[in-house]
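This is what each chain is made of:
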Amino acid sequence: MREFVYLRAATVAEAVALASTTASDGGAPARYLAGGTNLVDLMREEVERPERVVDISRLPLSAVEDLPGGGLRLGALAGNTQVAADPRVRLRYPVLARAVLSGASPQLRNRATVGGNLLQRTRCHYFYDTAAACNKRTPGAGCDALEGVNRGHAVLGASPSCVAVHPSDMCVALAALDATVNVTGPEGGRSVPFTGFHLLPRRTPQVETVLRDGELVTSVDLPPAPPGRGAYAKMRDRAGFAFALVSVAVLVHVEDGRIVLARLALGGVAHKPWRAREAEDVLTGATPGATAFESAARAALAQARPLRDNGFKPELARRLIRRTLTGLVTDALTS
Ligand code: SF4
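Keep in mind it's a predicted model, so treat the numbers as computed, not measured.

Participant: What is the right way to read the nonpolar core from this model?
Facilitator: The tendency in soluble globular proteins is for nonpolar side chains to be buried side by side. L74, L96, L118, L174 and L222 are the most contacted members of the largest nonpolar core, which totals 38 residues. Take this core: its biggest share by element is seven residues, from helix α9 (residues 170–176).

In structure tokens:
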């Protein structure tokens, strides 16, 4: 691990000031440290080499609070375990609780935070291997995953520069829930729609979010819970601690025999949590059943472009979508 300067912030304003690049520091990169479950590993492997680490773990950003109008605010330092166990999350946003509990191990969930979950880096093995070519780690170096072992990589929205996937489960549910990310930076605060927070790789895979220099994620807002039912399902190589090959977050509401609300997001298939709006369009207004679910699954993966080793992913995703939708509607009809 390279040497770095450790700084502990007492307030959000101080954290932003400490992390922001200034002319005097010559553009030295800084990183915020919260739970450290990803950043510390990356620093040990020298994949991340910040010159300043700003510890934000003692900032008052860990509350889960009701919002006027029925929504819920998740503090950026709220723990994954805390979020999944919160009775309001379990009752009003069960798709989020299930997504969080399907990620990582209990020990990691105790340390990991909401903000860190949003900002965790890809688990592409070439990204972690400093002997490999990786445009995300070293812009312009190339991408060894393109012709390498790419079983776990992207089938949607990738580019010749990078085919990595976003590893989060929580973020897939947040995309389906139409959450909003609140950030504070040198220019003040702003809010970003969740589906616009993460970026596709294009020619700059090292730029993963819309965060500007020094900006700190302070909270994530959930709008009032939509009507209907939700589910999160995840396919992985083993039942324990493993990242998704494919995951799906689905919200569906049926009235008078028609689907009047449909939200669908996929994980494990793209550089960002992937909102499948084409599938939502197919489902909205349709009669729930095998025909509509099959059409939605096909629409969701219509633009899929598999790599050498992950040709199974589109079909796996289609099956997971059909199965999850079928289970949701069956539950609704039998309860
Ligand atoms: Fe790096 Fe992306 Fe290629 Fe992986 S897929 S080696 S993260 S550029």
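After that view, the rundown keeps rolling.
Participant: Honestly, the domain arrangement of the chain in this entry has me stumped. Any pointers?
Facilitator: Much of the literature gives interface size as the accessible area that the parts lose upon coming together. Domain assignment breaks the chain into domain 1 (1–60) and domain 2 (229–334). Centre-to-centre, using C-alpha coordinates, domain 1 lies 37 Å away from domain 2.

Participant: Got a minute to help me understand the site of the ligand in this structure?
Facilitator: If you check the shell around the ligand, you find 14 residues, and the closest are C124, C134, C143, C162 and V163. For the shell around the ligand, the residue count by class is ten nonpolar, three polar and one charged.

Participant: For this particular structure, what's the right way to read the sheet that holds strand β10 (residues 246–255)?
Facilitator: Sheet strands line up and pair through hydrogen bonds in the backbone, either parallel or antiparallel. Spatially, β9-β10-β11-β12 is the arrangement adopted by the four strands of the open sheet, whose pairing is antiparallel. Of all strands in the sheet, those bounded by a partner on one side alone are β9 (229–235) and β12 (274–275). Pairing between β10 and strand β11 (residues 258–267): nine bridges, direction antiparallel. Counterpart to L251 in the pairing with β11 is R263. Sheet strands in contact with helix α5 (residues 94–101) are β9 and β10, and its direction is about 15° off that of β9.

Participant: Quick question: what am I supposed to make of the environment of R263 here?
Facilitator: Mapped onto the secondary structure, R263 falls in strand β11. On the accessibility criterion, R263 (15% relative accessible area) is buried. The spatial distance from the C-alpha of R263 to the C-alpha of T284 is 9.1 Å, given a sequence separation of 21 residues. Setting aside its immediate chain neighbours within four residues, R263 contacts A176, L177, D178, P226, A249, V250, L251, R275 and E280. Side-chain polar atoms of R263 contact the backbone oxygen of A176, separated by 2.8 Å.

Participant: Would you take a moment to explain the environment of P87 for this structure?
Facilitator: Counting through the fold element by element, P87 comes out in helix α4 (residues 87–92). For the pair P87 and G188, spaced 101 residues apart in sequence, the C-alpha separation works out to 32 Å.

Participant: Explain unusual backbone geometry to me, please; I cannot follow it from the model alone.
Facilitator: With the exception of glycine, most residues fall at negative phi, and the peptide bonds are largely trans. For D178, which is not glycine, the phi torsion reads 60° and is therefore positive. For D178, the location among the structural elements is in the loop between α9 and β6 (180–185). A relative accessible area of 31% places D178 in the partly exposed class. Even without a glycine there, the phi angle at R202 is positive, about 40°. Taking the relative accessible area as the measure of exposure, R202 reaches 59% and is therefore exposed.

Participant: Would you explain the side chain of S20 in this entry?
Facilitator: As for its placement among the helices and strands, S20 is situated in the loop between α1 (12–19) and β2 (30–33). Overall, S20 belongs to the buried group, its relative accessible area being 9%. There is a polar contact of 2.5 Å between the side chain of S20 and the backbone oxygen of V16.

Participant: Honestly, the sheet that holds strand β1 (residues 5–8) in this entry has me stumped. Any pointers?
Facilitator: Taking strand neighbours across the sheet as the criterion, the three strands line up as β1-β3-β2 in an open arrangement whose pairing is parallel. Single-partner strands in this sheet number two, and they are β1 and β2. In this sheet, adjacent strand axes meet at a mean angle of 25° when their direction is disregarded. Across four bridges, β1 lies against strand β3 (residues 52–55) in parallel orientation. By the bridge assignment for β3, Y6 is matched with V53. Packing of α1 onto the sheet brings it into contact with β1, β2 and β3, and relative to β3 it is tilted by some 175°.

Rules used throughout
Sequence order as written defines the numbering, with residues in each chain counted from 1. For this predicted model, a pLDDT threshold of at least 70 governs which residues receive local features, and a threshold of 80 or more governs which side-chain atom pairs are given and counted, while totals over whole chains, interfaces and linings are taken from all residues. Only heavy atoms go into the side-chain values, all of them from the structure, while hydrogens and water stay out. Buried Ala, Val, Leu, Ile, Met, Phe, Trp, Tyr and Cys residues form a nonpolar core when they are joined through side-chain atoms within 4.5 Å. When accessible area is computed with a 1.4 Å probe and restricted to protein chains, residues below 20% of their type maximum are described as buried, those above 50% as exposed, and intermediate ones as partly exposed. Numbering goes from the N terminus for both helices and strands, where a helix is a DSSP run of H or I of at least four residues and a strand is a run of E of at least two. In this document the domain limits rely on a domain assignment from an automatic tool or a database. Residue proximity to a molecule or strand is established when one non-hydrogen atom of the residue lies within 4 Å of it. In this classification, Asp, Glu, Lys and Arg are treated as charged, Ala, Val, Leu, Ile, Met, Phe, Trp, Tyr, Cys and Pro as nonpolar, and every other residue, Gly included, as polar. Pairs of strands are assigned from DSSP output, requiring at least two bridges between the strands. Should any heavy atoms of two residues lie within 4.5 Å, those residues are counted as being in contact. Axes, fitted as lines to C-alpha atoms, cover a helix only where it is in contact. Angles between the N-to-C directions of the axes lie from 0 to 180 degrees. As used in this structure description, the phrase polar contact means that two N or O atoms lie within 3.5 Å; if the pair is within protein, one of them must be able to donate a hydrogen and the other to accept it, and residues adjacent in sequence are counted only when both atoms belong to side chains.

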